[in-house]
Every structure is written in C-alpha cells, then in structure tokens.
Number of protein chains: 2
Amino acid sequence: MNQKDIYVKNMPLPQTIQAWQEALQKINFFSGGTVTTIPVDKALGQVTATPVFAAHSSPPFNAAAMDGIAVHFGDLAAASEASPIRLAGERFVPVNTGNALPRNFDAVVMIEDVHYLSEDEVELSIPATPWQHIRTIGEDIVTTELILPEGHKIRPIDQGAMLATGVTEVQIKAAPRVKIIPTGSELIQPGEAPAPGQIIEFNSRILAGYLNEWGAVAKRAAPVSDDQKKLRQAIQSAVQDNDIVIINAGASAGTRDYTATVLAELGEVVVHGVAIKPGKPVILAIVENTPVIGLPGYPVSAILTMRLFVQEMVYNFMGMQKPAAQWATARMSRPLHSAMGVDEFVRVTLGQVGKELMATPAGKGAGAVMSLVRADGILTLPAGSEGVGAGEEVQIELLRPLTDVHSTLVAIGSHDNIIDILANQLHKNRPVIRISSAHVGSMGGIMAIRRGEAHLAGSHLLDEESGEYNISFIKRFLPNTALQLINLCYRQQGLIVAKGNPLHIRGFQDIADRNFSFINRQNGAGTRLLTDKTLRDLDLNPTAITGYEHEEYTHMSVAAAVACGSVDCGMGILAAANALGLDFVPVAEERYDLIIPEQFISDEKIKTLLDLIRSSSKFQELVERLGGYSLRDSGKVMYEQ
Amino acid sequence: MNQKDIYVKNMPLPQTIQAWQEALQKINFFSGGTVTTIPVDKALGQVTATPVFAAHSSPPFNAAAMDGIAVHFGDLAAASEASPIRLAGERFVPVNTGNALPRNFDAVVMIEDVHYLSEDEVELSIPATPWQHIRTIGEDIVTTELILPEGHKIRPIDQGAMLATGVTEVQIKAAPRVKIIPTGSELIQPGEAPAPGQIIEFNSRILAGYLNEWGAVAKRAAPVSDDQKKLRQAIQSAVQDNDIVIINAGASAGTRDYTATVLAELGEVVVHGVAIKPGKPVILAIVENTPVIGLPGYPVSAILTMRLFVQEMVYNFMGMQKPAAQWATARMSRPLHSAMGVDEFVRVTLGQVGKELMATPAGKGAGAVMSLVRADGILTLPAGSEGVGAGEEVQIELLRPLTDVHSTLVAIGSHDNIIDILANQLHKNRPVIRISSAHVGSMGGIMAIRRGEAHLAGSHLLDEESGEYNISFIKRFLPNTALQLINLCYRQQGLIVAKGNPLHIRGFQDIADRNFSFINRQNGAGTRLLTDKTLRDLDLNPTAITGYEHEEYTHMSVAAAVACGSVDCGMGILAAANALGLDFVPVAEERYDLIIPEQFISDEKIKTLLDLIRSSSKFQELVERLGGYSLRDSGKVMYEQ
C-alpha cells in the first residue's frame with residue numbers, strides 16, 4: 001500500500017466556487033425552504049418571504065401632535081400679544097398628543113401657548129397656521145405602501161412599523177436546517193480527560209455557534225467512529241431531514257479517512273481538495289439533492305472553510321445576501337511568505353500604534369484555536385502571491401470592529417504571567433482597554449518597538465559585561481527612539497523540574513554530567529541569554545546539554561513540556577512552575593522592564609496601565625499570589641532617552 | 001386649572017447623564033446581578049463574570065501535525081535523492097494528523113515524502129529537522145494561561161477555546177431583567193382595528209426587541225390604563241423582581257400623565273425633562289433601589305431616549321462596555337435648522353452618490369416609525385448649534401453598515417407606486433440593491449440631481465407651452481449636467497373620490513360650483529402643475545377651490561385623506577385610488593420619466609435597474625396589476641444632453 005496514492009486535488013478557489021454554485025443551482029438550493037406565516041410579535045430576526053405592505057395608514061386618523069387645544073386656525077388670524085383672542089364653548093377642544101383631531105378643527109395650539117381664563121375659556125396671543133401640530137392621516141405611511149421588501153431580516157423597528165400599520169402576521173422563510181456530524185474514533189466529549197491521541201470534540205460546538213449566528217438552525221449529531229458503514233448510515237439519515245449536512249474531520253488523506261469514498265458512493269463529489277491554506281482537504285458533495293460538506297478536522301481550517309463555502313449558502317437559502325465584510329487598510333509589521341498556487345488566509349492581530357494600523361500574523365497553525373480567539377482580522381494572500389513585505393500596505397477583513405482595535409494596547413516582547421493579570425484588570429476598566437500580547441522574546445520586542453509596531457515591549461536582557469538589564473541593548477538597537485524604561489517586576493528564574501524533583505537536579509552541571517534532557521528558549525529571549533551566561537560561568541559547552549537545540553517560545557510552554565514528561569527540565573520563571581504544580585531550582589533573580597516610546601507615554605491607555613502598576617493594591621495582591629515576584633521598583637523609571 | 005403649570009424641566013444632556021450615573025452608583029447598579037455557573041456548551045452570547053484560565057494545555061500532548069510517519073530525525077541526517085535511507089521495524093511509526101507522537105520519536109515526515117517499499121519498510125530521500133511537523137504540547141495555549149478576560153461576551157470560537165483547554169463550565173453574569181409597562185387608556189392590541197383616538201400598542205414590542213438584542217431579558221407587562229392607582233400598583237410590583245423598569249408613554253405633560261407624580265410618591269425622580277429633541281419629557285427615577293425610566297409615548301422618541309439612557313445601563317450591568325458607535329463622514333444634502341438649547345437627534349438617510357456620501361434628513365416627526373425603518377444613521381446637532389448648512393460636512397452615527405449604504409440607489413423626486421415594485425425586485429437581486437426613495441415632488445428631484453444628491457429622479461413636469469414633459473425643465477435647471485431622460489411609464493391622473501363617487505364629482509368645475517373640499521399637492525409637484533394647468537384651462541381661480549392651500553406630499557397621502565373622509569377629493573394617480581379601493585375621475589394621461597446623470601448610467605446598480613425596466617416580464621406583470629399604467633415607452637431614452 002503506497003499511501004502517496006491517496007491524494008486530494010488542488011482545485012483553484014474561483015473554479016471551486018463556480019462548480020459548487022452550479023451544483024447548488026442544479027438541486028434548486030437557492031429557492032430555499034418552506035414559507036410559513038407567523039405573528040409579527042414572534043418575527044424578530046426572521047426573514048420576509050414576501051414584500052410587506054401596510055394594511056392601514058399610520059397615523060390612521062388626523063391626530064394632535066402636541067398636548068394643547070384643537071382650534072379653527074381662522075379664529076386666530078388677528079391674535080397678537082397686544083390684542084389676544086378669547087375662545088370659549090365649542091370653539092376649542094382640549095387634546096393630548098395622539099388624540100384624534102375633533103371633526104372640522106384644523107389646527108392645534110400647544111399647551112405652553114394657551115392661557116386658561118376658566119375651564120371653558122382660553123386666551124391666545126399668537127395666530128395659528130393651517131394644520132399646525134397635526135399629524136395627518138398617513139403622514140408616516142399609507143395603506144398598501146411597501147414597508148419591507150422580500151428577503152429582509154426583521155429588526156425591532158420593522159416589527160413596530162408592521163404593527164403600526166395593522167400588519168399582525170408575516171410570511172417568513174424557513175431557516176436552513178444544518179446537521180453537523182463529527183467523525184473520528186479519537187474524539188472524546190468535553191469534561192473527559194484526554195489520553196494521548198484523544199481529542200476533545202469541540203469543533204461541532206464552534207461550527208453550530210457560527211451557523212446559528214448566521215440564521216441557520218444547526219444540530220450536532222453524536223460523533224461517528226472511524227467505520228465506513230456507520231458513516232454511510234449517518235449521512236443517509238442526515239440528508240433525509242436537513243437542508244445542509246456538515247461532516248467534520250475525516251477530510252484529509254490519512255489512513256482512516258473514508259468521507260470522500262462514502263460520499264462518492266452515496267452521491268456526487270463535486271470538489272475534493274481546494275488550493276487554499278488552511279482548508280485544502282475540504283469536500284463539497286451532493287447526496288440525494290442535499291449539499292454535504294466535508295470540513296477539515298483542524299478547528300481553524302474547519303471554521304475558515306465553513307466561512308468560505310457554507311456561510312453564503314445559509315444566507316442565500318433564506319433569500320438574503322451574506323453581510324458584506326468590513327475591511328481596513330493596514331501595514332504589515334513583518335514579512336510574510338506564502339506558498340504560490342494557493343489562496344492563503346492568515347489570521348492577524350491589528351494594532352493602532354501611532355498613526356499606523358499595523359497587522360501582525362497571529363500564528364499559522366491550523367489547530368491554534370487561541371490564534372483565532374485573538375485575531376482581529378483575516379489577510380488573504382491570493383494564489384499568485386509569494387507573500388508581502390514588512391511595511392507593505394494590505395487589506396484586512398475585520399473580525400472585530402475597528403473601534404475595538406483602537407482601544408487595544410499592543411504588547412510585543414518577552415512573556416510574563418503578569419501581562420495576563422494586567423490584561424484582565426484593564427479589560428474591567430471603563431472604557432475597556434484590551435491588551436494584545438505577542439510572545440516573541442525580549443529582542444523581538446525591541447525590534448517591534450523599532451518598527452513602530454508595539455506600544456510597549458516587555459524585556460529582561462542581561463548585559464553580561466555591565467550586569468545591567470536592557471539599557472545597553474536599548475542604546476544599541478533603539479538609539480534614535482525617545483523612550484522610557486519602566487520597571488514591571490523582579491522575578492525568580494531557575495530550572496523548572498518535575499514535581500518533587502525526582503531526578504534531584506541541582507543545576508546545569510547536573511544536566512551535563514548526568515545527561516538529563518533540557519528544553520531551551522529561542523534566540524533573543526532574555527531567558528536564553530541567562531541560560532547562555534550561566535553555561536559560560538560554569539564553563540559548559542552547549543553541546544554538553546541534551547535538547548539545547550529544542551526551542552520553545554514561552555515560559556509556560558517550557559513548563560508544559562516538563563509537566564508532560566517529554567523533557568526533564570527547562571529554564572523559566574517560578575510563576576510558570578507554580579502554575580503547573582512543578583518544582584523549581586532557583587538560578588537567579590532578574591529584572592523585567594517595559595520599554596515604552598515617549599510618544600505613547602501620554603496615551604490614555606498607557607496612563608491607565610501605569611496607574612494600575614503603580615498604585616493598584618488589587619494588582620499587587622494578584623501578582624504576589626503568583627509567587628516569585630518582587631514589585632519593589634514597579635512603575636519606577638529605570639532609564640530615559 | 002392652568003395646564004401651563006404642569007411642565008417639565010429642560011436639563012441639559014451632559015448634566016442629565018451625570019446625575020443619572022450618580023443615582024445609579026448610589027444604588028450599586030453597576031455591581032450587576034447574580035453570578036451563575038453554566039456549561040460552556042450553553043454559554044454562547046453570555047458574559048464572563050470572572051477571567052477564564054486554561055485547565056489543561058492545547059494540544060495536551062505532542063501531536064503529529066501531518067499525516068505521515070514518526071521518525072528519529074537523526075536517522076535521516078544523510079538522506080538524499082542520490083542515496084535514500086531505508087527505515088524498517090521500530091524506526092518508524094505511521095501517524096495521522098492529531099495522533100500523539102509515539103514516545104522518543106522527534107520528527108514527522110509527511111506522507112507525500114514517504115515511499116513505502118512494503119508495509120514494514122519505507123524509503124526516504126530528504127533529511128528531517130528536529131521536531132518538524134509536530135505540534136508540541138501547549139503550542140496553542142498552556143494550562144493556567146488567560147483565555148478570556150472578565151466581562152467578555154462569549155463567541156463560538158471562545159467556546160471552542162475553553163473546551164479545547166478543558167474548561168467545561170464558566171461563570172457568567174446574569175442579564176438585567178427589564179419590565180416594560182405600556183400606559184394609556186387609548187392603547188389597543190395589534191390586530192384590533194383602531195377607532196379614532198385609539199393607538200395600537202406596538203412600542204413595547206420594539207423596546208423589548210432592542211433590549212433583548214443588547215443582552216437584557218425584557219418582558220412586557222399588560223398595558224395600564226390612565227389610572228394613578230393602577231399605575232402605582234404596576235410599578236410597585238415591577239420593581240420587586242426586575243433590575244430595570246420602563247414605563248412607556250405618559251411622560252409628557254398632558255392632562256392624563258401621572259407617571260412623574262406617581263414616581264415622586266414612590267421614590268426619587270432624578271430627572272424629569274431633558275433638553276433633547278425628540279425625547280424631552282423623559283423621566284429618570286429610582287424606586288426601591290431600582291431604576292425606573294419613563295419613556296415618551298412617540299415611538300421614535302421612546303427608541304432614541306432608550307438608546308441614550310438605557311442601552312449603556314444594560315451593558316454596564318453585565319460589566320461590559322456598550323459597543324462603540326460606528327461613524328461616517330457625510331455631506332448634508334440640504335440645510336437643517338435646529339432649535340438652540342437642545343441636543344437634537346435627526347434621522348438621516350445616506351447615499352453614496354458619486355464620490356460624496358450625502359446625508360438627507362429622513363423626516364422629523366417623532367411618531368414616524370417608517371422614518372426610522374428607512375434611516376441609515378443619526379445626526380446629532382448639539383445644544384449650541386443653530387443647524388447645518390447644505391454641503392456642510394457632518395458626522396453620522398451609523399444604524400446600518402456603510403457597505404449597505406454603498407449598495408443603495410438614491411431616488412429623490414416624484415413618487416410613483418412603481419418605485420415600490422422596483423425596490424422590491426431589486427432587493428431580490430444578488431448582490432442586493434436597495435432603493436432609498438424620498439418623495440419631494442418632481443421639482444425637488446431635479447434640484448436633488450443638481451446638488452449631486454441622487455442617482456435618479458422621477459419627474460412628470462408638464463411644460464404648458466410645448467405640451468412636452470420634463471425636457472424644458474431640465475434645460476432650464478440642469479443646463480450643465482450630462483444626463484439621460486428615460487421613460488418609466490405613462491399613467492392616468494385624475495380626481496380621487498370616495499368609493500362609488502357618492503357626491504357625483506365630475507371634475508374641477510364641480511368642486512368650485514358645489515363647494516366640495518379638495519386636498520392639494522405641494523409646489524413643485526408635477527401633479528400640482530397639472531392641477532394648476534387644468535384650473536387655468538377651465539378659467540377657475542384657485543381661491544374658488546376649498547382646501548387648495550392644504551398640501552400633501554404623495555399620491556398615497558392624498559388618497560388616504562379621501563379614504564378617511566377628511567376631504568371630498570384630491571388629484572392623484574389611478575394606482576393610488578385603486579390601492580385604497582377608491583373611485584377615480586380621469587383628468588389626463590401624463591408621462592413619468594427618470595432623470596439619470598450620465599455619470600451613473602454605467603453604474604452597476606443603474607444598469608440592473610434599467611435591465612429590469614426594459615426586459616423583466618415579472619416587473620411588467622406587477623405594474624399592470626396596479627392599473628392605470630402604460631409601459632409602451634418604458635426604458636426608452638426620451639432625451640439626452
């Protein structure tokens with residue numbers, strides 16, 4: 001068996017969309033579902049199946065538009081301050097706003113202009129114009145006029161307009177019924193602890209959530225294990241009473257992937273494999289006149305392909321247009337390479353840093369759910385593109401309103417758990433401030449400040465010669481940037497080891513001597529510098545350390561590697577060890593500062609952040625609970641240039 | 001009794017907001033409701049009450065990122081096309097995407113690069129790098145890292161991120177419970193036919209719809225008649241188990257308005273009367289530590305004041321910020337006067353006409369629900385402003401995404417029922433095209449074209465001398481505009497009279513001789529010109545026509561006035577008479593054309609419109625059903641300049 005023979009085609013996206021549209025046309029998918037009549041009261045968010053016309057006029061009679069009295073305007077022609085006119089008996093009638101205008105009266109005088117002499121007599125000192133302060137019949141809308149067109153999603157105000165004009169029932173289009181079938185023997189339900197190789201089945205929940213937001217009625221089926229027969233049965237049953245069927249996972253070319261085979265048996269596979277990234281193994285098929293879509297297993301691939309191929313179907317089924325995407329023009333903070341020949345969809349975070357809206361890739365892994373939680377937008381790199389350069393202008397499809405982006409502080413640099421605490425405390429602020437933090441190490445943060453890509457950078461770079469932190473690096477790499485270096489904390493760095501330190505690791509010498517496995521941090525990380533300095537102080541060669549070349553990007557991922565037993569130890573902060581219940585062998589206390597360009601020091605968001613660091617007792621309490629920190633200089637300006 | 005004594009104060013908006021915020025602080029309104037723990041599965045759209053941290057890492061183990069085989073990268077160091085390396089037995093393990101990496105393996109080779117010699121032996125011709133195609137534990141997120149901050153509205157992707165990291169329950173903030181109490185003896189339920197003076201109670205439905213959209217749980221109470229005791233009971237009961245109580249109507253100073261009196265008895269009236277328009281009589285009160293808001297009775301006033309005073313309360317109660325308003329810069333199409341001393345909120349429609357985004361007031365009446373159905377945005381004229389001039393740049397708060405505005409054809413001019421048919425047919429188009437139509441008469445349309453405010457104008461202006469339609473007016477008022485004059489239809493104009501024509505009206509001579517009451521159209525309307533020409537032809541003086549000075553703006557409002565018996569007859573089109581089941585005395589057939597500037601002729605939206613007029617049999621069928629039309633020249637270019 002040569003597994004290379006099992007492959008998916010690479011149909012370009014435009015052809016795929018055309019082929020799929022044609023297939024959907026052929027089964028009359030766009031004519032939609034049944035039409036039902038429901039009370040207007042219950043119609044919020046539903047879609048009109050026919051145009052709606054007014055059943056009677058609004059207002060339905062001539063009505064007083066003010067509290068006051070109804071008069072004959074002719075009676076007041078000569079009224080003035082000098083010679084007011086008195087009306088008595090039947091020449092005036094008190095009216096309240098909304099009252100029907102008494103027959104034959106033709107103007108209303110507002111209460112503020114009426115001087116009551118008695119209950120039956122009034123004095124008026126200004127003339128009235130014909131039909132003043134009267135809402136005439138049909139002023140708002142007249143019987144039989146169009147209130148709402150067909151294919152319109154009903155808002156609260158639309159309900160009001162229908163009820164105001166005597167329309168109490170409305171014909172609506174049925175929402176598409178969508179069945180989501182998760183597949184894979186490795187799936188377990190949320191709440192169960194995953195054994196190695198098992199995967200929590202959460203994709204179907206995400207997919208159902210989006211489908212329901214778009215207006216569909218999505219239901220999740222029980223997961224189907226890797227068994228052709230069971231999959232066949234599940235699909236055959238689902239197409240009976242659904243308008244769209246989604247099969248999740250089982251769409252790539254792995255050994256246990258039967259989806260395409262089963263779909264080809266049951267119906268027509270229109271497309272299998274599209275030249276997009278992520279999402280290449282998507283399957284578009286028709287079974288018994290029902291569209292069946294096989295979405296890739298990775299959550300990000302599944303979501304992005306569902307947006308590409310299913311979202312529009314949901315809207316069109318109801319006779320609506322998919323809401324237009326919102327776009328923003330941004331500048332790339334770093335170069336991004338793209339494979340030729342595929343349309344690539346890249347999640348980006350956005351930051352309004354100074355005058356520029358900067359876009360930064362939020363991570364490329366198709367499994368990275370958090371990258372989509374954090375993402376502000378999607379950048380599309382078309383099939384003909386090799387990528388974009390740093391500083392290049394790009395169009396971003398927004399996942400979040402730009403106003404949210406404007407309230408975001410962009411922190412790029414070294415990771416520290418305190419940043420999470422700051423993020424949460426600032427999110428409770430009014431107005432809300434978001435922190436978007438990218439963990440690229442201290443050097444990466446300095447470079448981000450240089451490129452004008454971040455409001456602040458966390459840094460703990462030790463200068464071996466001076467023993468000082470950060471300053472010499474700033475002088476060297478940011479010589480022309482006016483900035484403040486503000487201390488956030490001092491923190492314990494050391495070796496993170498398994499709980500109880502069963503291997504009795506005492507330091508780097510042990511790692512070399514007894515051949516323990518180590519996990520390193522990336523180049524440019526402050527922790528890496530500290531590791532390298534420690535090795536040099538001990539006269540140890542990096543080649544003596546097993547795993548020195550295996551790099552991770554955050555303290556927490558180092559701790560996680562130790563926690564799962566894939567390595568014996570790694571260098572990191574005490575807080576990370578504590579968080580995962582691991583043990584810790586102290587190596588050094590280090591200083592962790594924030595680099596903030598002078599131009600942002602007076603930004604309201606930075607001011608709020610500094611206030612929090614300098615004076616919030618809640619913040620201090622939360623940090624102390626993490627362990628391994630000293631806030632003795634927190635908020636102090638350590639250096640300025 | 002001098003009703004002038006009952007008045008409301010005119011507190012400026014900023015002071016009002018401050019006083020109200022302080023009153024809410026005092027009752028700890030912002031600390032919100034109860035916190036409950038619910039399954040993540042059910043948490044879509046709910047708001048986090050605490051920060052959410054990952055319960056385990058994602059991925060929870062080192063996993064294959066590709067279908068292929070797990071290998072030891074060291075084994076392949078010397079692999080090349082020229083000298084491939086063979087692996088057999090325990091040196092490789094087949095893996096599928098997502099599988100746990102077998103212990104001690106440290107790279108994955110993708111299936112496309114694997115050549116199977118047998119089931120137990122593979123040949124590989126490229127080296128592997130350490131940890132290639134492996135998703136390391138915690139790559140996406142590591143245990144204890146922050147997933148979601150407090151006060152965050154949960155999206156589908158957030159549910160996924162929580163479930164992916166072992167979080168199955170989440171603490172959420174209770175939504176505020178809001179009770180809406182409609183008041184007024186004149187209220188009837190939807191479906192009942194309103195007698196004069198009666199009003200259909202639809203406000204509470206609109207208000208509940210918006211409150212629910214904002215995240216509240218709104219309930220409508222049965223309407224309370226104008227009875228102080230009943231109102232008192234209703235409020236006392238509502239404040240027991242609600243977080244916010246809204247009383248609708250009864251907030252102005254009319255004779256039967258007890259709301260403020262009752263609220264002052266039961267608690268503290270913080271504000272009664274705000275210097276805003278519409279919405280002045282709003283009442284803000286606290287009863288038994290519960291905010292009670294009296295909203296004005298007019299639907300538009302009620303909605304706008306609820307947006308001003310209640311929307312933010314709903315979000316803040318849940319620890320969230322009200323979503324930031326979306327703004328657009330537009331140019332006023334006409335001057336707008338504003339009363340000094342009040343903050344005025346003006347509904348506007350927007351149109352992207354050429355390069356300019358033009359804003360046009362959508363009607364000022366506080367009762368005009370349809371004006372809010374049609375509105376694209378809100379223009380705020382602050383208390384210190386006397387108004388804005390034509391062509392002035394203004395900031396508009398959007399009620400609809402700008403992309404919808406861009407797909408809108410702006411039709412300003414004479415009204416014809418065919419425009420409704422076009423609007424509905426175009427709304428079914430893909431992409432959807434909306435028509436925003438303002439009925440200002442033919443001359444108003446020509447002026448709108450001149451100001452660059454409309455894509456097209458409907459016009460039926462008869463030149464008495466030449467007997468021609470529209471052309472002489474275009475030459476005179478649009479001498480410098482390249483345009484096409486395209487026929488839409490010919491139509492019957494005549495006297496609209498009551499069903500069965502009980503007064504036996506035969507024409508204008510009868511109106512003058514027998515003193516029937518007439519309703520006129522406004523100056524600049526084509527129908528007004530036709531009326532005036534007919535009067536001159538008959539040698540009749542306008543003063544001989546009772547009601548000549550009473551003007552309406554559309555055929556349908558003229559027909560409505562006849563239908564309700566407030567006048568005996570009016571001039572209009574057969575379609576309007578037919579729509580309301582009235583009778584019709586023909587006066588003349590007239591031509592109705594569309595004026596379209598040359599610059600828009602190639603606009604996709606105009607092209608689609610012209611295609612529809614020229615060749616849609618569905619369109620022709622719908623027009624014929626209206627009656628009184630001839631489409632013999634429909635779509636024909638009558639004149640070009």
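Let me begin by describing the structure that accompanies this report. (Residues numbered from 1 in each chain as written. Chains lettered and ligands numbered in written order. Predicted model: local features only at pLDDT ≥ 70, side-chain atom pairs only at ≥ 80, totals over all residues. Heavy atoms only, no water.)

A short note on the overall build of chain A
- Of the regular secondary structure elements, chain A holds 19 helices and 38 strands.
- Whereas a compact globule of 641 residues would reach a radius of gyration of roughly 26 Å, chain A reaches 34 Å, over 25% beyond that.
- Within chain A, the fraction of its 641 residues that count as buried is 58%.
- By sequence separation, contacts in chain A at least 24 residues apart represent 76% of the contacts at least 6 residues apart.
- As displayed, chain A offers around 24900 Å² of accessible surface, 50% of which is attributable to carbon and sulfur atoms.
- Chain A carries 54 positive and 70 negative side-chain charges, and their two centres are separated by 6 Å. (Helix = DSSP H or I, 4+ residues; strand = E, 2+ residues; numbered from the N terminus. Rg over C-alpha atoms; globule rule 2.2 N^0.38 Å. Buried < 20%, exposed > 50% of the residue type's maximum accessible area, 1.4 Å probe, protein only. Contact = heavy atoms within 4.5 Å. Areas by Shrake-Rupley, 256 points an atom, 1.4 Å probe, with all protein chains shown as cover. Lys, Arg positive; Asp, Glu negative; His and termini not counted. Charge placed at Lys NZ, Arg CZ, Asp CG, Glu CD.)

Details of the relation of the copies chain A and chain B
- Relative to chain B, chain A is turned by 180° and slid 0.0 Å along the rotation axis, the superposed coordinates differing by an RMSD of 0.1 Å. The superposition of one copy onto the other is thereby described by a two-fold rotation axis.
- Comparing contact sets, 100% of the residues at the interface of chain A also lie at the interface in chain B, consistent with an isologous, same-surface contact. (Least-squares fit on C-alpha atoms with pLDDT ≥ 70 in both.)

Comments concerning unusual backbone geometry
Residues and elements named next belong to chain A.
- Note that the residue after Lys-277, namely Pro-278, is joined by a cis bond; omega there is 0°.
- Structurally, Pro-278 can be placed in the loop between strand S19 (276-277) and strand S20 (283-287).
- The backbone phi angle of His-133 is positive, close to 55°, even though this residue is not glycine.
- Secondary-structure assignment places His-133 in the loop between strand S9 (121-124) and strand S10 (134-135).
- His-133 gets classed as partly exposed once you look at its relative accessible area, which sits at 28%.
- One non-glycine residue, Asn-515, lies in the positive phi region at around 60°.
- For Asn-515, the position within the fold is in the loop between helix H13 (508-514) and strand S33 (518-521).
- Looking at Asn-515, the relative accessible area reads 53%, which means it is exposed.

Side note on the sheet that holds strand S18 (residues 268-272) of chain B
Residue and element names in this part refer to chain B.
- Spatial strand order, S16-S13-S17-S21-S20-S18: six strands in an open sheet with mixed pairing. With partners counted over all chains shown, the strands left at the sheet margins are strand S16 (217-220) and S18, one partner each. On average, adjacent strands in this sheet sit at an angle of 20° to one another, irrespective of strand direction.
- Summarising the sheet, strand S17 (residues 244-248) and strand S21 (residues 290-295) pair through four bridges and their orientation is parallel. Residue pairing across strands places Val-245 opposite Val-292, the latter belonging to S21.
- Here helix H6 (residues 299-309) sits on the sheet and contacts S17, strand S20 (283-287) and S21; the angle it forms with S21, its principal contact strand, is near 150°. (Pairing = 2+ DSSP bridges. Axes fitted to C-alpha atoms, helices over the stretch in contact; angles between N-to-C directions.)

Section: the pairing of strand S32 (residues 483-497) of chain A
All names here are of chain A.
- Where burial is concerned, most of S32 is hidden: 14 out of the 15 residues are buried.
- Alignment of S32 against strand S36 (residues 583-597), held across 14 bridges, turns out to be antiparallel. Bridge pairing links Cys-489 to Tyr-592 in S36.
- Relative to strand S38 (residues 637-640), S32 runs antiparallel, the two being bridged by three bridges. Each residue of the ladder has a partner; that of Gln-484, found in S38, is Glu-640.
- Summarising the sheet, S32 and strand S37 (residues 629-630) pair through two bridges and their orientation is antiparallel. Within the sheet, the bridge partner assigned to Tyr-490 lies in S37 and is Ser-630.

What to know about the sheet that holds strand S4 (residues 68-71) of chain A
Residue and element names in this part refer to chain A.
- Spatial ordering of the open sheet is given by S6-S4-S7, a layout of three strands whose pairing is antiparallel. Pairing within the sheet leaves two strands with one partner each, and these edge strands are strand S6 (93-95) and strand S7 (107-110). Strand-to-strand twist across the sheet, computed as the mean angle between neighbouring axes with direction ignored, equals 35°.
- Judged from the three bridges that link them, S4 and S6 form a sheet pairing that is antiparallel. Note that in S6 the partner of Ile-69 across the bridge is Pro-94.

Quick word on the pairing of strand S28 (residues 393-398) of chain B
Residues and elements named next belong to chain B.
- Bridge count for strand S22 (residues 327-332) against S28 is five bridges, and the pairing is antiparallel. Residue pairing across strands places Thr-329 opposite Gln-395, the latter belonging to S28.
- The sheet contact formed by strand S26 (residues 377-381) and S28 spans three bridges and is antiparallel. Across the sheet, the residue bridging to Leu-379 is Ile-396, located in S28.

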